[in-house]
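Each chain, written out:
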Amino acid sequence: MELTLLKSKIHRATVTGANVDYEGSLTISSDLAELVGLLEYERILIGNLNNGERFETYAIYGEPQRGIIELNGATARLGRLGDRLTIMSFARFAPEEAAIHRPRILVLDEKNEIVRYEEGDSMPSFKVVGE
């Protein structure tokens, strides 16, 4: 049996841009994504705290240290500049792993600066193929 648990979360991220003409995804400053272990092109679930919308897409990395959170493609219609988002990713764990797992969590302020960081107790290890 495998259990699906929260792997990482960026809470209260502020939307800084929207581009309906882009093919899709959510752009996240790479430093923020990497801090919670979110991989580029990883599937994510987003909750918009302002309008209640929940939607899935994938993450792409934006320029680091800029606090970029940009809705792209169809997702650009699900939020506005200044909206606050919760960005979540999930992973599957064996029951033994699930028992010790704690997600990585970032809480951001209105400028997408870090207010709180929880490193988590356990993270799946990823290996980049070809390295």
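Data block above holds the structure.
Residues numbered from 1 in each chain as written. Predicted model: local features only at pLDDT ≥ 70, side-chain atom pairs only at ≥ 80, totals over all residues. Heavy atoms only, no water.

(A) Structural detail: the side chain of Ser 89. Its place among the elements puts Ser 89 in strand 7 (residues 84-93). By relative accessible area, which is 1% here, Ser 89 ends up buried. Of the polar contacts made by the side chain of Ser 89, one reaches the side chain of Ser 8; its length is 2.5 Å. For Ser 89, the contacting residues outside a window of four places in its chain are Leu 5, Leu 6, Lys 7, Ser 8, Leu 38, Glu 42, Arg 43 and Ile 44. (Helix = DSSP H or I, 4+ residues; strand = E, 2+ residues; numbered from the N terminus. Buried < 20%, exposed > 50% of the residue type's maximum accessible area, 1.4 Å probe, protein only. Polar contact = N/O pair within 3.5 Å; in protein donor to acceptor, adjacent residues only side chain to side chain. Contact = heavy atoms within 4.5 Å.)

(B) Layout of the environment of Asp 109. Here Asp 109 is to be found in the loop between strand 8 (104-108) and strand 9 (114-118). By relative accessible area, Asp 109 is classed as buried at 19%. Residues Asp 109 and Gly 79 lie 30 residues apart in sequence; the distance between their C-alpha atoms is 18 Å. A polar contact is formed between the side chain of Asp 109 and the backbone nitrogen of Lys 111, at a distance of 2.8 Å. In terms of polar contacts, Asp 109 uses its side chain to reach the backbone amide nitrogen of Glu 113, at 2.9 Å.

(C) Up close: the side chain of Lys 7. When you line up the elements, Lys 7 lands in strand 1 (residues 3-14). The buried category is assigned to Lys 7, whose relative accessible area is 1%. Engagement of the side chain of Lys 7 in a polar contact is seen with the side chain of Glu 42, the distance being 3.2 Å.

(D) Quick peek at the nonpolar core. In terms of nonpolar packing, the biggest core is built from 20 residues, with Ile 10, Leu 26, Ile 28, Leu 85 and Ile 87 touching the most fellow members. Sorting the residues of this core by element identifies strand 1, strand 3 (25-29), helix 1 (30-35), strand 4 (43-48), strand 5 (54-62), strand 6 (69-72), strand 7 and strand 8 as the ones contributing at least two each. Apart from residues no more than four positions distant in its own chain, Ile 10 is found in contact with Ile 28, Leu 32, Ala 33, Val 36, Leu 85, Thr 86, Ile 87, Leu 106 and Leu 108. (Core = buried A, V, L, I, M, F, W, Y, C linked by side-chain atoms within 4.5 Å.)

(E) Spatial organisation of the pattern of salt bridges. Counted by the stated rule, this structure contains 4 salt bridges. A salt bridge links Arg 116 to Glu 118; its shortest N-O distance comes to 3.0 Å. (Salt bridge = Lys/Arg side-chain N within 4 Å of Asp/Glu carboxyl O.)

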